[in-house]
Amino acid sequence: AFELMSPEEQTLVDASCELIDGQTVLKFTTQLLADETPFAISLGENHLLWAYGRSPTIGYHSNRSPFTLNLAKAIDDSDVETLGTVIPTASPADGEMKVGDDICITGYIMDSYCIDLGHFLDNDDTVTLREPEEHSFHCLLDVPVCYNSGFNVLGEKDAQTGLHCLGYRIDDTEAVLAAGRAAGSNVQSDTHYTCDTCSGGASDAVAGYRATVKGTVKEMGDGTKSVTGQPLLSNIQMLDASVVCESPAPQTVCLSMDDVEQAAAQVPVSEPEPVEETEPVEETEEPEPEPCSLDFCVELSVSYLLAYTVNGDGTITMELTYDGNGWVGIGFSENGMMVGSDAVIGSTDVGIPQKYRMTALSVDTDTAIQLMSPEEQTLTDATVEFKDGQTVMKFTKIMKEPNQIEISMGNNIMLGAYGARPTIGLHARKMGFAINLSSGASEEKAIPFMSAWLAHGIIAFIAWGVLVPTAVQSAIMRSLFKGPTWFKLHQNINATAMALTVVVFAIGVAVTSKEGAVHFENSHERMGLAMFIIATLQVLDGAKRPHAPGSGEEKTLSRKAWEIGHRLGGAALLACGFWQMDSGIKLYAIKFNGAGSSQENSVILGYWVWIGFVVAMLVIGGVYFKLLRSKMKA
């Protein structure tokens, strides 16, 4: 991507680069080059590029932009501080506003990091500018990497792209934090991570912070189609979104999805996208110190970092850093599965990191993990603390211990996980990865049995979302069929659905056993067991039904009682099936890190649209054919 110039070409003088008061300052003096060189610096207009990264190691840039600089102004002006004039390449509000103008705008509040990332930090399936109403208060106000990046108030949604315009930067982070935390709920939510720093109650919002912002234009931005190119507001007033502005704020830049994806490619993630050849993407031969506290670093996710050093005495020192206030853990596995693994888990609620055995897949913590005996608690220098918005766990562990999974210098399979709260419980996110401790090389490992559970859900939907409703509909619309045709359809479709139900049940039991989880522990599993038993009885009940009356015969009392029981049982099973499938979608999302994602929400919405259609057809068909039979009798 770039090449170090030869020693003869290293002509910079007074060159320095240092970290001063939280800022990285690069300074140097260079010669104005001759016009015939391909990279001439002239006293007129010059086309330059700037870029910076998020760590001292030269690599992928966090942001970059071209700009035009007129050096002639340095000679014309007596004030040497005005070295040049930046000529904007894309002024967001050219001719509509100027520095000093008062602005009032109502919109969603968004941190710059999530805008640049292209998706939410805690929900990577949701495009930031498309659905800001889904941005959790937790991500916005709890996570340091988000609120330290600065805040923006977004403009209205562009009808052509479906994306909100970038809006205005806000110069007062503390004002946004204070107003947002007062407006957000700190009550646990089923849809979004909980905002730990918020003070609102159950009736307050957990996502989509919208406010009216008043301020004065302090600067117009650098002219780029990015956050930094938008006007900056000072003298900030944060008001409730119900406050109406007297006049609308001038519209700022509206991006396309191509712009969003291009900007997201510049933000460091666990596996960065490649960039153009003219930009630095590799480390130099003499890199700066690693941006982590120990010898090697592995970015498990954008908010979870593992650092480690293998010591010379058969021990390993590890440090886990999570951007938030929660429990953190790392597991050591032989096969990538949780059950049967060993783990070190730390929580500020517990006080010190301790070693555990993973005994079962269960929502009950006491069942899922088992604290190792006091004799096995051999960690040294073990600490866990919440500081500067991050939970940091550090410990030193013996690599080879009796009756525990060995940590080798070569390849290892490990598991990472963290929770959204300090209390040890269900993880907010988990990940498996293979790592070579001697080289630091790592790769993500897929969570086991994902395909099996997906098949479990798809087959269940075919059985209970398609076949069983069709069988019921055939009975309701029996008047459309001649002779016993309706009954054969009803019988054969139900038999097929029952066969698929056996397959679904078998997959669930088998995979649960392989995972080492407790059987029939949660409501979904217990409902599945109940439905399997009742459906089996329903099929047997249908096979041993009392004889149907012939032409001109009266129904016997036993036949009437059977029909009522059979219909009630079928209706109850169908209703339970509808609930069961919705529950399964949510459990699958939790299990495979998709809880609260737009993908999960889309699947649930599509599912209930289909179920609504099915129920409507059953009701309409039932009413219509009941009226039709009444008319025929009359």
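Residue positions are given per chain, counting from 1 as you read along its sequence in written order. Only residues with pLDDT of at least 70 get local features here, since the model is predicted, and only at 80 or more are side-chain atom pairs given and counted; chain-wide, interface and lining totals rely on the full set of residues. For the side-chain quantities, the full set of heavy atoms in the structure was used; hydrogens and water were omitted.

Peer 1: Please clarify how the overall build of the protein should be interpreted in this entry.
Peer 2: Per the convention used, a helix needs a DSSP run of H or I reaching at least four residues, while a strand needs a run of E reaching at least two, with both numbered from the N terminus. What the protein contains, in helices and strands, is twelve helices and 24 strands. What makes two residues a contact is simply this: any of their non-hydrogen atoms within 4.5 Å. Long-range contacts, defined as pairs at least 24 residues apart, comprise 61% of the intrachain contacts of the protein with a sequence gap of at least 6. Counting every atom, the protein has about 34,100 Å² of accessible surface; 57% of that belongs to carbon and sulfur. Note on areas: Shrake-Rupley, 1.4 Å probe, and residue coverage restricted to the protein chains presented here.

Peer 1: Could you clarify how one ought to interpret the nonpolar core in this entry?
Peer 2: A general trend in soluble globular proteins is that nonpolar side chains are found buried together. Nonpolar cores were defined as sets of buried Ala, Val, Leu, Ile, Met, Phe, Trp, Tyr and Cys residues, with membership established by side-chain atoms within 4.5 Å. In this scheme, a residue with accessible area under 20% of its type's maximum is buried, one over 50% is exposed, and one in between is partly exposed, where area comes from a 1.4 Å probe on protein chains only. Of all hydrophobic cores here, the largest spans 28 residues; its most connected members are Met318, Ile330 and Met414. Those elements that provide at least two residues to this core are β13 (296-301), β14 (304-310), β15 (315-322), β16 (328-333), β21 (390-398), β22 (411-418) and β23 (429-436). For this core, the element with the most residues is β15, which contributes four residues. Listed in part, the 25 residues of the second largest apolar core include Tyr209, Val213, Ile236 and Met238.

Peer 1: What is the right way to read a nonpolar patch on the surface from this model?
Peer 2: Excluding any residue in a salt bridge, patches collect residues exceeding 30% relative accessible area, merging like charges within 9 Å and nonpolar Val, Leu, Ile, Met, Phe, Trp and Tyr side chains within 5 Å. Salt bridges, as used here, are contacts in which a Lys or Arg side-chain nitrogen is within 4 Å of a carboxyl oxygen on Asp or Glu. Among the surface-exposed residues, Ile533, Ile534, Leu537 and Leu540 lie close enough to one another that they form a single nonpolar patch of about 370 Å² accessible area. Here Ile534 shows up in helix α10 (residues 523-543).

Peer 1: Even after reading the chapter, I still don't get the packing of aromatic side chains, so can you show me in this structure?
Peer 2: Aromatic rings considered in pairs are described by the distance between their centres and by the relative angle of their planes. Any two of the Phe, Tyr and Trp rings considered here, Trp counted by its six-membered ring, make a pair once their centres fall within 6.5 Å; the pair's planes then place it as stacked at under 30 degrees, edge-to-face at over 60, or tilted in between. Applying the stated rule across the entire model yields ten aromatic pairs. For the ring pair Phe296 and Tyr308, a centre distance of 5.3 Å and an interplane angle of 20° mean the geometry is stacked. Residue Phe296 is located in strand β13, and its partner Tyr308 is located in strand β14; the two are separated by twelve residues in the primary sequence. Take Tyr308: its relative accessible area is 0%, and that puts it in the buried class. Each ring, one from Tyr304 and one from Tyr418, has its centre 5.1 Å from the other, and the planes form 65°; the classification is edge-to-face. You can see Tyr304 sitting in strand β14 and its partner Tyr418 sitting in strand β22, a full 114 residues away along the chain. Accessibility expressed as a relative area gives 7% for Tyr418, which makes it buried. Each member of the aromatic cluster is reached from another via a ring pair, and the members are Tyr304, Tyr322 and Tyr418.

Peer 1: For this particular structure, what's the right way to read the pattern of salt bridges?
Peer 2: Opposite charge on two side chains makes pairing possible when the charged atoms of those side chains draw close. Taken as a whole and judged by the stated rule, the model has twelve salt bridges. The partner of Asp171 in a salt bridge is Lys218, with the nearest N and O atoms 3.1 Å apart. Highlighted residues: Asp171 in the loop between β10 (168-170) and α5 (173-183) and Lys218 in strand β11 (residues 210-219), separated in sequence by 47 residues. Using a relative accessible area of 35% as the deciding quantity, one classes Asp171 as partly exposed. The residue Lys355 makes a salt bridge to Glu401 at a minimum N-O spacing of 3.0 Å.

Peer 1: Sorry, what's going on with the packing of helix α8 (residues 450-476) against helix α9 (residues 485-515) here?
Peer 2: The description of two helices packed together rests on the angle between their axes and the distance between the axes. Note on definitions: angles span 0 to 180 degrees between N-to-C directions of axes, and those axes are lines fitted to C-alpha atoms, for helices only across the stretch in contact. α9 packs onto α8 with a crossing angle of 160° between their chain directions and a minimal axis gap of 8 Å. When the axis of α8 is compared with that of α9, the two are roughly antiparallel. In the packing of α8 onto α9, the handedness of the crossing is left-handed. Its residues assigned to classes, the contact of α8 with α9 shows 21 nonpolar, nine polar and one charged. Geometric relationships in this document are graded by angle, where less than 35 degrees denotes roughly parallel, more than 145 denotes roughly antiparallel, 65 to 115 denotes roughly perpendicular, and other angles denote oblique. Two helices crossing with the near one rotated counterclockwise from the far one by less than a right angle form a left-handed crossing, whereas a clockwise rotation gives a right-handed crossing. Following the grouping adopted for this structure description, the nonpolar residues are Ala, Val, Leu, Ile, Met, Phe, Trp, Tyr, Cys and Pro, the charged ones are Asp, Glu, Lys and Arg, and the polar ones are all others, Gly among them.

Peer 1: How do you make sense of α8 when you look at a structure like this?
Peer 2: Quick reminder: α-helices carry 3.6 residues per turn. Residues three or four places apart thus point the same way. Here, expected helix span is obtained from the residue count minus one, scaled by 1.5 Å. End to end, α8 covers 38 Å across 27 residues, agreeing with the expected 39 Å (1.5 Å per residue, within 8%). The reported bend at a residue is simply the angle between two axes, fitted to the 7 residues ending at it and to the 7 residues beginning with it. Its maximal kink placed at Leu467, α8 deviates by approximately 30°, while the proline Pro469 follows within four residues.

Peer 1: Which parts of the structure should I look at to understand α10?
Peer 2: Helix length check: α10 (21 residues) gives 30 Å between terminal C-alpha atoms against 30 Å at 1.5 Å per residue, within 8%. Among the residues of α10, His524, Met531, Phe532, Ala535, Gln538 and Gly542 are the ones counted as buried. End-on, the buried residues of α10 take up no more than an arc of 135°, which puts them together on one face. Taking the helix axis as origin, the arc is that swept by the directions to the C-beta atoms.

Peer 1: Looking at this structure, how should I read the sheet that holds strand β20 (residues 380-387)?
Peer 2: Pairing between the strands of a sheet is mediated by backbone hydrogen bonds and can be parallel or antiparallel. By the convention used here, strands pair only if DSSP detects at least 2 bridges between them. Across the sheet, which stays open at both edges, the five strands sit in the order β13-β14-β15-β21-β20 with antiparallel pairing between neighbours. A single partner strand is all that each edge strand has here, and the edge strands are β13 and β20. Strand-to-strand twist in this sheet, taken as the mean axis angle between neighbours without regard to direction, amounts to 15°.

Peer 1: Which parts of the structure should I look at to understand the sheet that holds β10?
Peer 2: Judged by pairing direction, the barrel is mixed, and its five strands sit side by side in the order β6-β9-β10-β12-β11 before closing back on the first. Here the average twist between neighbouring strands, direction ignored, is 55°. Relative to strand β12 (residues 232-240), β11 runs antiparallel, the two being bridged by seven bridges. Across the sheet, the residue bridging to Thr212 is Leu239, located in β12. Contacting β6 (102-111), β9 (151-153), β10 and β12, α5 crosses the sheet at an angle of about 10° to β12.

Peer 1: What should I look at first to understand the state of the cysteines in this one?
Peer 2: Put plainly, a disulfide is one covalent bond tying together the sulfur atoms of two cysteines. In plain terms, two cysteine sulfur atoms within 2.5 Å form what is called a disulfide here. Inspection of every chain in the model, using the stated rule, returns three disulfides. Paired by a disulfide, Cys165 and Cys254 hold their sulfur atoms 1.8 Å apart. One disulfide, between Cys165 and Cys254, carries an S-S torsion of 75° and so falls in the right-handed class. Of this pair, Cys165 sits in the loop between β9 and β10 while Cys254 is found in the loop between β12 and α6 (257-264), placing the two residues 89 residues apart along the sequence. Paired by a disulfide, Cys195 and Cys198 hold their sulfur atoms 2.2 Å apart.

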